[in-house]
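So you can see what is in the structure, the chains are spelled out below.
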Amino acid sequence: MSDPLTPEGLPEQPPLHQPGGDAEQAGEIVELVIGEYNTRLVAARREPGRYAPEVVAGWRTARDRAVNDLGRLETAGEDETVQIALAYAARLKELKAT
């Protein structure tokens, strides 16, 4: 008798956290955020005085933190990967809105 929860003929679903899955998507999101900060930092360099120094310093700090978090994804577990992905998805949305 077959298990009613795993109908015959349906392909098995891969685990939620696997190399190239969640970690790859999280990395892509973090890279997009890094790109947004880099774009802002380049604009600040091209137009000195347009942005307050503390704003530019905040962008630099946030970009550096994102670079560190990108590195953390290499060894992060499933929960940490999801937390990083969610945090950076929200940050990307916020950056795109401003």
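Our subject is the structure listed above.
All figures in this text were calculated on a predicted structure; none of them were measured in a lab.

**Student:** Got a minute to help me understand the nonpolar core in this structure?
**Tutor:** Most often, soluble globular proteins keep nonpolar side chains buried together rather than apart. By size, the foremost hydrophobic cluster in this structure holds 17 residues, and its most contacted members are Val30, Val33, Tyr37, Trp59 and Tyr88. Those elements that provide at least two residues to this core are α1 (22-46), α2 (53-72) and α3 (78-97). For this core, the element with the most residues is α1, which contributes seven residues. With near-sequence residues (within four places) excluded, valine 33 lies in contact with Tyr88, Arg91, Leu92 and Leu95.

**Student:** Would you mind going over the pattern of salt bridges with me for this structure?
**Tutor:** Counted according to the given criterion, the structure contains five salt bridges. The shortest N-O distance in the salt bridge between glutamate 47 and arginine 50 comes to 3.3 Å. According to the relative accessible area criterion, arginine 50 is exposed, its value standing at 54%. Arginine 72 is the salt-bridge partner of glutamate 80, the closest N and O atoms lying 2.6 Å from each other. Relative accessible area serves as the criterion here: at 29%, glutamate 80 is assigned to the partly exposed category.

The rules we used
- Residues numbered from 1 in each chain as written.
- Predicted model: local features only at pLDDT ≥ 70, side-chain atom pairs only at ≥ 80, totals over all residues.
- Heavy atoms only, no water.
- Core = buried A, V, L, I, M, F, W, Y, C linked by side-chain atoms within 4.5 Å.
- Buried < 20%, exposed > 50% of the residue type's maximum accessible area, 1.4 Å probe, protein only.
- Helix = DSSP H or I, 4+ residues; strand = E, 2+ residues; numbered from the N terminus.
- Contact = heavy atoms within 4.5 Å.
- Salt bridge = Lys/Arg side-chain N within 4 Å of Asp/Glu carboxyl O.

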